[in-house]
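The lines below spell out each chain.
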Amino acid sequence: MHQQVYRFDPPAKHGAGPRANHLFVFLHASGACARSMIPAAFKFQGRFPSAALVVPSGFSLFGEDGEDADRQQWFSTRGLNEDNRLARVAAILPRIEQLVRREQTHYGVPPARTVLIGYAQGGTVALESAAAFPGLAGAVVAYAARFARLPRSGARIGARFHLVHGGYDSVVPRVHAERAARALAGLHVPVTLDIIEDMGHALSHEAICRGSLRLLQGIYEGRRATLH
């Protein structure tokens, strides 16, 4: 299927063309579409006005025989279980890397200033992409997501991670985010975990604000560390 990609450039300044300081790539949930992530993307741009936003659609149609062309997924959820989850995610990661590299080249933004932002299945893809390709992105913001397989001891991971999860998430229970935070911390990878106690499996305004705030704090901390 043809992949839809929405791009939103940062505002031009003083008559010059737009120059992106950051690149944010937004990955939607299974059964949704790229448009579903645009409101979240604009909320992030409110906090990061110089960021370029890229919002792609999933690689395949969702549902039986793909009858609903307006719903996509990154990998098939049909018959998905713990035995085949990792293989399905791994199969599409090279395409994610290609997509991100293409947009980095298009906007002239280096990996260190690239952020993968994903919700649910898109969050899993963001987490696994950063783990599989250590030089792909500088940060990940993952909502209601989980690793297909927790990073193993000795793994080399170059990104910061900001995990935001609902305390009442019955689709992806919070324990997955808690385990991910412990595993990353054990690898000395910068990670934050925010559990929003009264939220289920959702991408709420509060969750978006929390994730973008953690990202801003992480960027500030990274800049401060380079000055010492």
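Residues numbered from 1 in each chain as written. Predicted model: local features only at pLDDT ≥ 70, side-chain atom pairs only at ≥ 80, totals over all residues. Heavy atoms only, no water.

Chemist: I tried to follow the pattern of salt bridges on my own but got confused; where do I start?
Modeler: Opposite charge on two side chains makes pairing possible when the charged atoms of those side chains draw close. Counted under the stated rule, the structure contains 10 salt bridges. For the salt bridge of Arg210 with Glu206, the shortest nitrogen-to-oxygen distance reads 2.8 Å. With Arg210 and Glu206 both in helix H5 (residues 205-226), this residue pair falls four residues apart, about one helical turn. Among the residues examined, Arg210 registers a relative accessible area of 22% and is labelled partly exposed. Members of the salt-bridge network, linked through shared partners, are Asp194, Glu206, Arg210 and Arg214. (Salt bridge = Lys/Arg side-chain N within 4 Å of Asp/Glu carboxyl O. Helix = DSSP H or I, 4+ residues; strand = E, 2+ residues; numbered from the N terminus. Buried < 20%, exposed > 50% of the residue type's maximum accessible area, 1.4 Å probe, protein only.)

Chemist: Quick question: what am I supposed to make of the sheet that holds strand S3 (residues 51-56) here?
Modeler: To summarise the sheet geometry, strands pair through backbone hydrogen bonds and adopt either a parallel or an antiparallel arrangement. Spatially, S1-S3-S2-S6-S7-S8-S9 is the arrangement adopted by the seven strands of the open sheet, whose pairing is mixed. Only two strands of the sheet have a single neighbouring strand rather than two, namely strand S1 (5-8) and strand S9 (191-196). Recorded for the sheet is a direction-independent mean angle of 15 degrees between the axes of neighbouring strands. In this sheet, S9 lies alongside strand S8 (residues 160-166) in parallel orientation, the contact comprising six bridges. (Pairing = 2+ DSSP bridges. Axes fitted to C-alpha atoms, helices over the stretch in contact; angles between N-to-C directions.)

Chemist: Would you mind going over the packing of aromatic side chains with me for this structure?
Modeler: For any pair of aromatic rings, the description consists of the separation of the ring centres together with the inter-plane angle of the planes. Considering all chains together, one arrives at seven aromatic pairs under this definition. A centroid spacing of 6.0 Å and a plane angle of 85 degrees characterise the contact between Phe24 and Phe44, whose relative ring orientation is edge-to-face. Of this pair, Phe24 sits in strand S2 (residues 22-27) while Phe44 is found in helix H1 (residues 38-47), placing the two residues 20 residues apart along the sequence. Classification of Phe24 as buried rests on a relative accessible area of 0%. On the numbers, 5.1 Å between centres and 90 degrees between planes, the contact of Phe59 with Trp74 is edge-to-face. (Phe/Tyr/Trp six-rings, centres within 6.5 Å; stacked < 30°, edge-to-face > 60°.)

Chemist: Hey, could you run me through helix H2 (residues 85-107) in this one?
Modeler: Working note: α-helix, 3.6 residues per turn, so residues spaced by three or four point in the same direction. With 23 residues, H2 should cover 33 Å at 1.5 Å per step; its first-to-last C-alpha distance of 33 Å lies within 8% of that length. The largest bend in H2 comes to about 35 degrees, at Leu93, with the proline Pro94 one to four residues further on. Along H2, the positions that sit buried rather than exposed are Arg85, Val89, Ile92, Leu93, Ile96, Leu99, Val100, Glu103, Gln104 and Tyr107. Positive phi appears at Gly108, one or two residues downstream of H2, with a value of about 65 degrees. (Expected span 1.5 Å × (residues − 1). Bend = angle between axes of the 7 residues up to and from the residue.)

Chemist: In this structure, what is going on with the nonpolar core? I would like to understand it.
Modeler: Soluble, globular proteins show a tendency: their nonpolar side chains are buried together. Counting 40 residues, the largest nonpolar core has Trp74, Leu116, Leu127, Val140 and Phe161 as the members making the most contacts within it. Listing elements by their share of this core, those giving two or more residues are S2, S3, H2, helix H3 (121-132), strand S7 (139-143), S8 and helix H4 (174-186). Considering every element that reaches this core, the biggest residue donor is H2, with seven residues. Excluding its chain neighbours within four sequence positions, the residues that come into contact with Trp74 are Gln3, Leu27, His28, Pro56, Ser57, Gly58, Phe59, Ile92, Ile96, Gln121, Gly122 and Val125. Within the second largest apolar cluster, 28 residues are counted, among which are Ala51, Val55, Val115 and Ala120. (Core = buried A, V, L, I, M, F, W, Y, C linked by side-chain atoms within 4.5 Å. Contact = heavy atoms within 4.5 Å.)

Don't take any of this as a statement about function, it's just geometry.
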